[in-house]
Each structure stands twice: as structure tokens, then as C-alpha cells.
Amino acid sequence: MYSWGVKVLLDVKAVPHSRRMFSFKAALEGCVAPVELSPYCGWVLDSLSGQLSQEITPSGTPTPKQSTPLPKRASEEKIPPGSHRSSSPPSSTEPSETKENDHLCLLEINQEVVPAALSSKVAKVEGCIRMYEEIHRGNSERLRQRQEEQEQMVRAAYAQASEQLKRFDELRELKRHQEFQELQEVMEKSSKEAQGQQEKLKEEHRHRAKILNLKLREAEQQRQRQEELERLRKEEGQERLRRLYSIQEELLQLNQQIDPNYRHKDLPRIDLSAYSNRGNQICGLVSGLIRTTSEKGFPTQADVASTERALQEMRGLISSMQQEITAALEEKKRKDEEEKKQKQKELEQKEQMKNQTPAPAQQLGGKQQKEGLQVKTEESIMQWYQQLQDAAEQCVAAFSEIGNCKGNTEVKKIKTNLQKAATIPVSQISSISGSKLREVFDKINNLLSGKPVQTEGQTVSVTQHPQGLEFVYYKLAEKFVKHGEGEVSFHHDSAFPIAVVLSGIWELHPRVGDIFLAHLHKKCPYSVPFYPARKEGTSMEEYQRILGYEVHDSKVEEQDHFLKRMSGMIRLYAAIIQLRWPYGNKQGAHPHGLSYGWRWLAQMLNLEPLADVTAMLLLDFLEVCGNALMKQYGIQFWKTMFFIQKSYIPRYDIWAEEIPLPKGILTPSFWRT
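All figures in this text were calculated on a predicted structure; none of them were measured in a lab.

(A) Broad picture of the overall build of the protein. When its secondary structure is counted, the protein shows 24 helices and 4 strands. Out of the 673 residues in the protein, the part that is buried amounts to 33%. Residue pairs at least 24 apart in sequence account for 75% of intrachain contacts in the protein once pairs closer than 6 positions are excluded. Split by element, the accessible area of the protein, about 44,200 Å² in all, is 53% carbon and sulfur.

Structure representation (C-alpha cells):
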């Protein structure tokens, strides 16, 4: 039993520390628990029973069959103590019923063989058990001490590990601090280097800025010198240009003196055409020179010298012509004196005959009409003019309710919307594209046809008021005339898109054309043509308005502005008579075609010319529709041009061979845009 206990201790030492701790705890729990019989008691009893049987039985009493089985069984059933550590107890592997039967058999055998010696053996067993318990308690005490030692070792190891961890943390903190110090030193070094580099860059920047400022100052001074030189050059160029213009003006004035029909109508028929031709050539050369220099910039000193030579030549030409005229005047004076003497002689002879013969019967005589230019326009044209003015007045009377709608808010709103619908599309006319122009035409045509149109987000129609159509007729025609005296006077090319739209509207709505002519004749009487005479009782201010001038606060507009307005309206009229709306009825005749333009030209040439006005209007008219008249009237047109050039305004060099198409005419390709 003792050897088994020692083996148990050896086995305990062989067990790992974790398992030993568990075994120690189990052993301690066994010491505290109440004393009970071990499940190995049966095995101990069996061993003891076998030994007792061998001792008690006398030699030769038991047979080998009876005595041998017990030790064999005991030896077979003896299990090494260490095996109980690695395997489960016999009660867990063998059936409980078989074990109990074996125990009963042993007890029966023991009771039969050794009835007297059982008590002493039991005492031994109890002593063994007590001894085992003492050994067990000693082992438990040693295990407890060992556990305490282990716990102390664990605490010591924990304390040592804690100290090592602290030392490690301190070492790590020291290392981190050292690294931080090194990083800080590197950063400070880098910062110092960066500051040094920055200071160096700043110094370089200041140096470069100084150099750049010097260069900028030099460039600015150079620019100022260039500007000063350019200003001086421009001033000199403008001065030379003004000199050229003054020379041209003097040349034109001198050239006017060459016209014998203008200055010396009473002179005998002398041939001054050579002077006139040479004067026109000089004026043309100077005009071409000025035009060329204006396109290039400013004239040079050589250009001024050339014009001055031309002026000297013109002065010499005038001097020669005046000498010839003076000689002609002296000759005429001499002839007049001779004629006067001859007439005086004839009168004396008649007086003598009168005294000798009776007085003849009194003869009726009439005032002979002087042949020449007309002062008044033909009667038929004036009747046509008056009919148009009457039609305009009737139109105004037809929308009197809309015209005087100060108190009626609803009618006033309709009037405003109709006026916008009539005038805004006219302002949108341009030569951008044919499609845009067609949109404008459709807006106007739809409005006059009674269809609703959109104007500034509102739906407008002439059917909103019984007098709406007459009001739109009047305002639309008035707007076309205003567009002519405003837009066309500044942009000559705009006459053609305005004219083609008006021509198309005129074909579909003839009343618009009649009212347009009435407005045009009232604003520009030279479009009739008609030179109004001042009637008795008419103030000068009112007479200026009749002539077409604008008068505001008793101040008459400047002549240049007046001529520009007249030019714009004549250009618009010249464009209308030759253009037709391309999408209209091409089979019908133009409502106001080239025949009216030919009549205007003939009547204009038959009237006494007005200073500044007549020549300008003729040139504007021919520039716009001269090509169309040339194609329509052929040789008659060229005869008229020859008359204008030679007899009417000889100082203007009008086209010699062919009249080109006017600038801005709408070509067929325009309508495809």
C-alpha cells in the first residue's frame, strides 16, 4: 500500500502543472469531505482474502484446485495504481452486476474458509485505510504547500513581468522621446534651411522685380514716346487731311465757276467745254486721291503736294477761262453798243416815218411764254397727290373712336396692343436671312387679314374693335415712312428688305400702299415731286414744316440732318418701285412699279432745281433704281443720263457705260437662307 502511495506521488509529479493544480484541488476537496469507503475496497479485500486462505489452510488440506484460483484471481485482478489514472475505474468498464456477484462469491468463500480470522484482517484493513488516509492527508498538505509555493512563484513572476513591462514601457517612451527629439531637430534644421531658401528666393524675387520694374518703366516710357509720336503723326495726318478737304472744297467751288450756263447765261455762245472737262478731271483726281488716302489711313506730304499742284492748275484754268470770258464780255459789250446804236437809228427812222404816215390800227399782242424749266408740278400729278392726302384723312376719321380714347381704359388697351402689333414687326425687318424676313411678312399679313397674332405675350386681332383695321392701316404705313427716314438714312442697305416687305403687303392690301404714299409725300414733298409754295398768312415755321423740315421749339433742324432724312425716304421709294414680294402673285402687275419712278424722274428734271436738294435726291434715286430703269427703258434712259450729265448737273461724273446693281440688293440666294 505504501508503494502504491509513492507511485501515486510520482505519477502526480509527472502530470503537467495545470493538471496537478486540478488534482491538488480535488485532493483537498477529498480531505474536507466526510470519510467514506473507497470503491477500491473490494479489490483490497480480495487481495487480503487470498493471502489469508494460503496462511490458514494446513498443508495438504486444500487441494490445488481450491487454493490456486484465489491468488491467480487476485493477481489477475490486481491493477497497477497508475492505470487508474489513465483509465476509468472497474465499475465504469464492467457491468455492476458481474462485480457484485464476484464480491458475493469471495465473501462466501472467505466466510467458509476463515470465519475466525476475519476480524483481525478487518482491523488490518482499517489500519491500512487509516494509514492511507494519513498518507493522503500528508500528500494534501504537501500539495497545499506546493500550491502556495506555486502561487508565490506566480505572484513573483507576475511582479517580475510587471516590472519588466514597466521597464519596457519606460524604454519605449525613452526611445519615442529620442525619436521625437531627432525628428524635431530634423524639422528645425529643415525649417531653417527652408527659411534660408525662402530668404534667398525673396531676395531673387526682389531683384527680379526691380529688373522687371525697370523694364516696365522703360516699356511705359517707350509706349508713351510711341503714343506721342502716333499722336503727332495723327495730328499731322489730320492736318494734312483737313488741308486736302479744304483744297477739294476750293476746287469744287472753282469748278462751279467753270459752268458757263450757271454763271454767264447772257454771254454769247462760246466753247468752254475744254475748261469744264479739265476741271472735272482735276476734281475727280483729287477725290480719288482723298478716297485712297482715307482707306489707307492719313495722307502723306506728297499727297498734299499733289493736291496743291492740282489746285494751282485749277486756279490757272479759272484764270484762263476768266480771261476768255472777259474777252467775250468785251466783245459782247461792243456788239451791244453797236446794236444799241443800230436800234437808235431804227427808232429815229420809225419816228420820222410815224410823223409822215397815219397811225396804223392797234394790234393785239399777248405775253409770250418763256421757254424753260417749270416752277409747278403738272396738274395731273397734283390731283393724284391730293387724292392720296384725302384718303389718309378719311382713314384718320375712320378710327376717331380709337384715336380719342382717353377715358375708356379697355379701348386704350386695345389701341396700345394694335399699335405694338403693327409697328414691332416693321422694326424687326433686317437682311439677316430670308426665313426671318418671311416670318415678319407673315405677322403683318396675318394681322391685316384679321387673324390673331402674338405680341409681347398677348393675343391681338383687328377684330377686337370695329375701327381696328383702319387704325392698323394708318400706323403701319406711318411706321414704314419713319423707318425710311430713320433706319434707311443711316444704313442705305436696309432699304431693300423694308421695300420688299412693303411691296408684298401693298399687293395684298392696297390701302396700306395709298396711306404710305400719303405719309411719304407729307414728310418728303420731293417724292411727289412737289415744291410747295408759301401761301399768304402762312408763318415761316409752318412753311418750313410743309417743306419737310422738323421744327421743335421754333428751331429748325440742321440742313445736313434734313438732307439725310430726305435721302433715306427717296432711297426707300426707289427700292419699292423695283422690288416685288417673291412669294406673291407674279402674274399681276406691280402696284407701284417702275413707270411711277420714270414719271418721277422726268418730272424732277422738268422742275427748277433746288440748291443741295435736287442733285442729292437725283443721285440717291439713280443709285438705287438706276440699274432697273436702264434695263426697262434702254436708250431713253441713256438719253436722260446724257441730259443730266451735260446740261443739268455737269460737275457730277455719272456712270459712263453701265449702271451697276445697287449695294445691298436682295439676290435669289438670300431667300434660301
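(B) Local environment of the pattern of salt bridges. Here the structure, examined in full by the defined rule, presents 32 salt bridges. Its salt-bridge partner being Arg-565, residue Glu-485 comes within 2.8 Å of it at the nearest N-O pair. Here the residue Glu-485 occupies a position in helix H17 (residues 468-490), and Arg-565 occupies one in helix H21 (residues 559-576), the gap between them amounting to 80 residues. Just as Glu-485 is buried, Arg-565 falls in that class too. Taken together, the salt bridges that share partners define one network made up of Glu-485, Lys-523, Glu-550, Glu-557 and Arg-565.

(C) Structural context of the packing of helix H15 (residues 409-427) against H17. The N-to-C vectors of H15 and H17 enclose an angle of 35°; their axes lie 9 Å apart at closest approach. Read as a crossing pair, H15 and H17 show a hand that is right-handed. Facing H15, whose interface residues are Lys-415, Leu-418, Gln-419, Ala-422, Thr-423, Val-426 and Ser-427, H17 presents Gly-468, Phe-471, Val-472, Lys-475, Leu-476, Lys-479, Phe-480 and His-483. When its residues are assigned to classes, the contact of H15 with H17 shows 7 nonpolar, 5 polar and 3 charged.

(D) Summary view of the side chain of Glu-557. For Glu-557, the location among the structural elements is in the loop between strand E4 (555-556) and H21. Only 2.5 Å separates the side chain of Glu-557 from the side chain of His-561, close enough to count as a polar contact. Aside from chain neighbours lying at most four places away, what touches Glu-557 is Gly-548, Tyr-549, Glu-550, Phe-562 and Arg-565.

(E) Highlighting unusual backbone geometry. For the bond from Val-528 to Pro-529, the omega torsion is -5°, close enough to zero to count as cis. Structurally, Pro-529 is set in the loop between helix H19 (510-523) and helix H20 (540-546). Phi at Glu-456 takes a positive value of approximately 55°, unusual for a residue other than glycine. Within the secondary structure, Glu-456 is located in the loop between strand E1 (453-455) and strand E2 (458-460).

(F) Looking closely at the environment of Arg-571. Within the element layout of this structure, Arg-571 appears in helix H21. Owing to a relative accessible area of 5%, Arg-571 belongs among the buried residues under this scheme. Sequence-wise, Arg-571 and Ala-495 are 76 residues apart; in three dimensions their C-alpha atoms are separated by 6.6 Å. Other than its neighbours up to four places away in sequence, Arg-571 contacts Val-488, His-492, Ala-495, Asp-620, Glu-623 and Val-624.

(G) Summary view of a negative patch on the surface. Taken together, the side chains of Glu-179, Glu-182, Glu-185 and Glu-188 make up a negatively charged region of the molecular surface. With respect to the helices, strands and loops of the structure, Glu-188 is situated in helix H9 (residues 118-258).

(H) Structural context of the nonpolar core. By size, the foremost hydrophobic cluster in this structure holds 95 residues, and its most contacted members are Ile-444, Phe-480, Val-501, Phe-516, Tyr-526, Leu-601 and Phe-621. At 11 residues, the largest contribution of residues to this core is made by helix H23 (residues 613-633). In this structure Leu-601 touches Leu-618, Phe-621, Leu-622, Leu-629, Thr-640 and Met-641, once residues within four positions along its chain are discounted. Within the second largest apolar cluster, 18 residues are counted, among which are Leu-254, Ile-282, Leu-317 and Met-321.

(I) Focus on the confidence of the model for the protein. When pLDDT is averaged along the protein, the result is 76, and 74% of the positions lie at 70 or above. Between residues 56-95, whose pLDDT stays under 50, and residues either more than four places distant or in other chains, the model counts 30 contacts. The low-confidence segment residues 354-372, where pLDDT is below 50, has 0 contacts with residues more than four positions distant or belonging to other chains.

(J) Examining the packing of helix H13 (residues 379-398) against H19 more closely. Close contact between H13 and H19 brings their axes to 8 Å; oriented N to C, the two are set at 110°. Here H13 lies roughly perpendicular to H19, going by the angle between them. Relative to H19, H13 is oriented so that their crossing is left-handed. Of the residues in H19, those in contact with Trp-384, Tyr-385, Leu-388, Gln-389, Ala-391, Ala-392, Gln-394 and Cys-395 of H13 are Arg-511, Asp-514, Ile-515, Leu-517, Ala-518, His-521 and Lys-522.

Cut-offs applied
Residues numbered from 1 in each chain as written. Predicted model: local features only at pLDDT ≥ 70, side-chain atom pairs only at ≥ 80, totals over all residues. Heavy atoms only, no water. Helix = DSSP H or I, 4+ residues; strand = E, 2+ residues; numbered from the N terminus. Buried < 20%, exposed > 50% of the residue type's maximum accessible area, 1.4 Å probe, protein only. Contact = heavy atoms within 4.5 Å. Areas by Shrake-Rupley, 256 points an atom, 1.4 Å probe, with all protein chains shown as cover. Salt bridge = Lys/Arg side-chain N within 4 Å of Asp/Glu carboxyl O. Axes fitted to C-alpha atoms, helices over the stretch in contact; angles between N-to-C directions. Left-handed = near helix turned anticlockwise from the far one by under 90°. Nonpolar A, V, L, I, M, F, W, Y, C, P; charged D, E, K, R; others polar. Polar contact = N/O pair within 3.5 Å; in protein donor to acceptor, adjacent residues only side chain to side chain. Patch = residues over 30% accessible without salt bridge, like charges linked within 9 Å, V, L, I, M, F, W, Y side chains within 5 Å. Lys, Arg positive; Asp, Glu negative; His and termini not counted. Charge placed at Lys NZ, Arg CZ, Asp CG, Glu CD. Core = buried A, V, L, I, M, F, W, Y, C linked by side-chain atoms within 4.5 Å. pLDDT = per-residue confidence, 0-100. Parallel < 35°, antiparallel > 145°, perpendicular 65-115°, else oblique.

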